[in-house]
Each structure stands twice: as structure tokens, then as C-alpha cells.
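Architecture and fold: a report
What follows is the residue order along each chain.
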Amino acid sequence: MEQNAKKVTSPSKGLLQSEDLYQYILETSVYPREPDFLKELRHVTASHPRARMATAPDAGQLMALLLKLVNAKKTIELGVFTGYSLPLTALTIPEDGKIIAIDVNRETFEIGLPVIKKAGVADKIDFIESEALPVLDQLLENTTMRSSHFSFFLLLPLRGGGGGEGMMQPENKGSFDFAFINADSVNYWNYHERLMKLLKAGGLVVYDNTLWKGTVAMPDALVPEFWKQERELAIELNKSFASDPRIQISHASLGDVSQSAGVSTE
Ligand SMILES: C[S@@+](CC[C@H](N)C(=O)[O-])C[C@H]1O[C@@H](n2cnc3c(N)ncnc32)[C@H](O)[C@@H]1O
């Protein structure tokens, strides 16, 4: 059993009604198998004022399983923060695997960087300090500039692309096995459209925060004002995923109060 587990991961994060049940899952299935590097990163992140943004370890465990299931080798992550999901991905993909990791904030990435280096997975990571959307557009045009050598629900393009084939170079289009979308929710649909082109058929995308703190099912009057915009976006996004014929989806509630919607392709 992990000491101070309740201090590191607030049980109140979970959608599960019972905090004891959430702790049971963490202590029985998650912590015993969590790599030491990820435990260390969780502890390093715990003192950050925005520590709640970090991927919850039980969600990370599912992500690692999904990465293995699709034999992910080339992945992309939008929204790194201090990086729990990033070394998790790097430790899970094969030795010659690559992750393009994008975040507007290099400072938070650098908090977790020593752990990434210690884990010996820095070579698998291309960190790009940028807004995510222009980088996705550059990837589609094969003009991505890598800023440095560091250099993450589920969604599978059924036809391995979303049109516009004539405009794209072959290198990036249809080449990614896996994507983790954990950045600004206002752009999720924009990310989705680009990822439909960047992902291989059979690739998988995990979207975080699709239940937006559980507010998607709350009566409007009970939703705090500062969550309303994201709640509306999440509701629209979930409807759009549900009616998108290009993908197969699964909407999972785990870890964080707002875990992801899953989609998968043929
Ligand atoms: C929820 S955190 C990511 C958590 C991380 N995946 C983890 O495992 O701990 C969201 C991150 O997205 C970044 N972000 C927000 N808007 C962005 C954008 N437009 N483009 C790129 N990154 C963005 C923020 O700087 C923040 O670090």
C-alpha cells in the first residue's frame, strides 16, 4: 500500500461515489504496478498549485493497456503539464518508439524532465513548445519545426483519414498509432478533425475531460459559472463523437472527475 496515497491523489477526484472504493482500486491494482519513475513524478507534481491537472494514475494505467493493445510506436500528446502521461507513454512504447509532445508551457514540462531523463526515455520524446493546433497543421503538411530534442475517449478513424488526401505528404498522414488529447477543450473538435487524418486506420485517440467534472449531466442551475463554457463544449463534443461515422467510441469514467470519451476505428 502506498503511504500518503490520499495526499497525492485526492480521492474526491473520482466519479466513483465511494472514496474508499477509489482508494481500493488505486491500492489494489494501480500503485503496485506503477513504475517508480511515475510514482516519483506524481510526488514531484503533488506540490504544484495545479497538481489536479495531472493525469490520474488509474487513468494512466488504462492508457498503458491501450498503448500495448494497439502496439503503439508513433504517438502524439497534446497537453503535457509536468508530464505524467508522457513518461508513462514513453515507458510503454518500444525502444524505437517516438512521441511528439506539445504544450504551450515549457516550464511545467521542465519540472518533470529530470524524471524523464532518469527513466532513460528522453530520446523517445520530441517536446514542442507551442499551441497544439498549428503544430497539427504543420504535421499534416510535413513542415513541423522541432524546437528541441525532447524531441499523450478513444478514437479510431474507420477509414484511416478524413479527406483532403491530395494536399498531404505521405510521411505524417495516417502514420500515428495513438494520440492523447489533454489540452484546451475549446479546440477538441479541431484536434479531432486533424487527428482523423494523422492517425492510422486502427489507431486510437484518448480524449480527457469529456465529462467536465461531471457537469455534463448536472442541471444548468447547479453548474458553477466558471465551468459552464467547458461543460457546453463537452456536451457538444460528446454528441459529435456519438454521431461521427468515421470512428468507434467508448466513453469511460475513471480517474479524474472528467475522464475521457473513447473512439476506435476499423
Ligand atoms: C491537463 S494538463 C495536461 C496533463 C498531462 N497530460 C499529465 O499527464 O499530467 C493540460 C496542459 O495543456 C496545456 N495547454 C493548454 N492549452 C494548450 C494549447 N492550446 N496547446 C498546447 N497545450 C495547451 C497546458 O499548458 C497544460 O500543461
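These figures come from a predicted structure and were not determined experimentally. (Residues numbered from 1 in each chain as written. Predicted model: local features only at pLDDT ≥ 70, side-chain atom pairs only at ≥ 80, totals over all residues.)

Notes on the overall build of the protein
Let me state the cut-off plainly: Runs of H or I in DSSP of at least four residues are treated as helices and runs of E of at least two as strands, each being numbered from the N terminus. Using C-beta atoms placed from the backbone, we call a residue buried if 20 or more other C-beta atoms fall within 10 Å of its own, exposed if 12 or fewer do, and partly exposed for counts in between.
On a plain count of helices and strands, the protein comes out with nine helices and seven strands. The burial tally for the protein puts 44% of its 266 residues in the buried class.

Some words on the site of the ligand
Rules: By definition, a residue lies near a molecule or strand provided its backbone-derived C-beta atom is within 6 Å of it. Three categories are distinguished: nonpolar for Ala, Val, Leu, Ile, Met, Phe, Trp, Tyr, Cys and Pro, charged for Asp, Glu, Lys and Arg, and polar for the others, with Gly belonging to the last.
Every one of the 22 residues lining the ligand counts as a neighbour, but Thr55, Gly79, Phe81, Ser85 and Asp184 are closest to it. A per-class count over the shell around the ligand returns 11 nonpolar, eight polar and three charged.

Some details on helix 9 (residues 228–242)
As a reminder of what qualifies: By this rule the span expected of a helix is its residue count minus one, scaled by 1.5 Å. When we speak of the arc, we mean the arc of directions from the helix axis to the C-beta atoms.
A rise of 1.5 Å per residue sets the reference length of helix 9, with its 15 residues, at 21 Å; its end C-alpha atoms lie 21 Å apart and thus fit the reference within 8%. Inspection of helix 9 places Arg231, Leu233, Ala234, Leu237 and Phe241 among the buried residues, and these make up the whole buried set. All buried residues of helix 9 lie within an arc of 160° about the axis, which places them on one face of the element. In helix 9, the exposed positions that point more than 90 degrees away from the buried face belong to Gln229, Glu236, Lys239 and Ala242.

Comments concerning the packing of helix 4 (residues 57–69) against helix 5 (residues 85–92)
Quick note on the threshold: Each axis is a line fitted through C-alpha atoms, taken for helices only over the stretch in contact, and angles between the N-to-C directions span 0 to 180 degrees. A clockwise turn of the near helix away from the far one marks a right-handed crossing, whereas an anticlockwise turn of less than a right angle marks a left-handed crossing. This entry defines residue contacts through backbone-placed C-beta atoms, with two residues in contact when those atoms are within 7 Å.
Relative orientation of the contacting elements helix 4 and helix 5 amounts to 35°, with a least axis distance of 10 Å. For the pair helix 4 and helix 5, the sense of crossing is right-handed. Only Ser85, Leu88, Thr89 and Thr92 of helix 5 make contact with helix 4, whose side of the interface consists of Gly60, Met63, Ala64, Leu67 and Lys68.

Some thoughts on the nonpolar core
Just so we agree on the cut-off: Here a nonpolar core is just a set of buried residues of the types Ala, Val, Leu, Ile, Met, Phe, Trp, Tyr and Cys, joined wherever their C-beta atoms sit within 7 Å.
Counting residues in each nonpolar core, the largest one holds 59 residues, and the members touching the most others are Met63, Ala101, Ala179 and Ile181. At six residues, helix 4 tops the list of elements feeding residues into this core. Residue contacts for Met63: discarding those within four places in its chain leaves Ser85, Leu88, Phe180 and Val206.

As for the environment of Leu69
Within the element layout of this structure, Leu69 appears in helix 4. Of the residues examined, Leu69 has 11 C-beta atoms within 10 Å and is grouped as exposed. As a C-alpha pair, Leu69 and Glu141 span 72 residues in sequence and 29 Å in three-dimensional space.

Points about helix 2 (residues 19–30)
Along helix 2, the residues that are buried comprise Tyr22, Leu26 and Val30. When helix 2 is viewed along its axis, its buried side chains cluster within an angular range of 40° and face the same direction. Exposed residues on helix 2 whose side chains face more than 90 degrees from its buried face are Asp20, Leu21, Tyr24 and Thr28.

Focus on the confidence of the model for the protein
We apply this condition: A score from 0 to 100, pLDDT tells how confident the predictor is in each residue.
Across the protein, the average pLDDT comes to 84, with 79% of residues at 70 or higher. A low-confidence stretch, residues 147–155 stays under pLDDT 50, and its non-local contacts, those more than four residues away or across chains, total 46 contacts. Scored by ipTM, the complex comes to 0.99, with pTM at 0.86.

Focus on unusual backbone geometry
A positive phi angle is found at Asn71, which is not glycine, with a value near 50°. Along the polypeptide, Asn71 turns up in the loop between helix 4 and strand 1 (74–78). In this structure, Lys213 takes a positive phi of about 60° despite not being glycine. Checked against the element boundaries, Lys213 lands in the loop between strand 5 (199–207) and helix 9.

Topic: the packing of helix 7 (residues 132–141) against helix 8 (residues 188–198)
In a pair of packed helices, the angle between the axes and the distance between the axes together describe the arrangement. Stated formally: Oblique is the label for any angle not under 35 degrees, not over 145, and not in the 65 to 115 range, which are roughly parallel, roughly antiparallel and roughly perpendicular in turn.
Close contact between helix 7 and helix 8 brings their axes to 10 Å; oriented N to C, the two are set at 20°. Of the possible angle classes, the one that applies to helix 7 and helix 8 is roughly parallel. Handedness of the helix 7/helix 8 crossing: left-handed. Side by side, helix 7 and helix 8 meet where Ala132, Leu133, Leu136, Asp137, Leu139 and Leu140 of the first sit next to Asn190, Tyr191, Arg194, Lys197 and Leu198 of the second. Class assignment of the residues belonging to the contact of helix 7 with helix 8 gives a composition of seven nonpolar, one polar and three charged.

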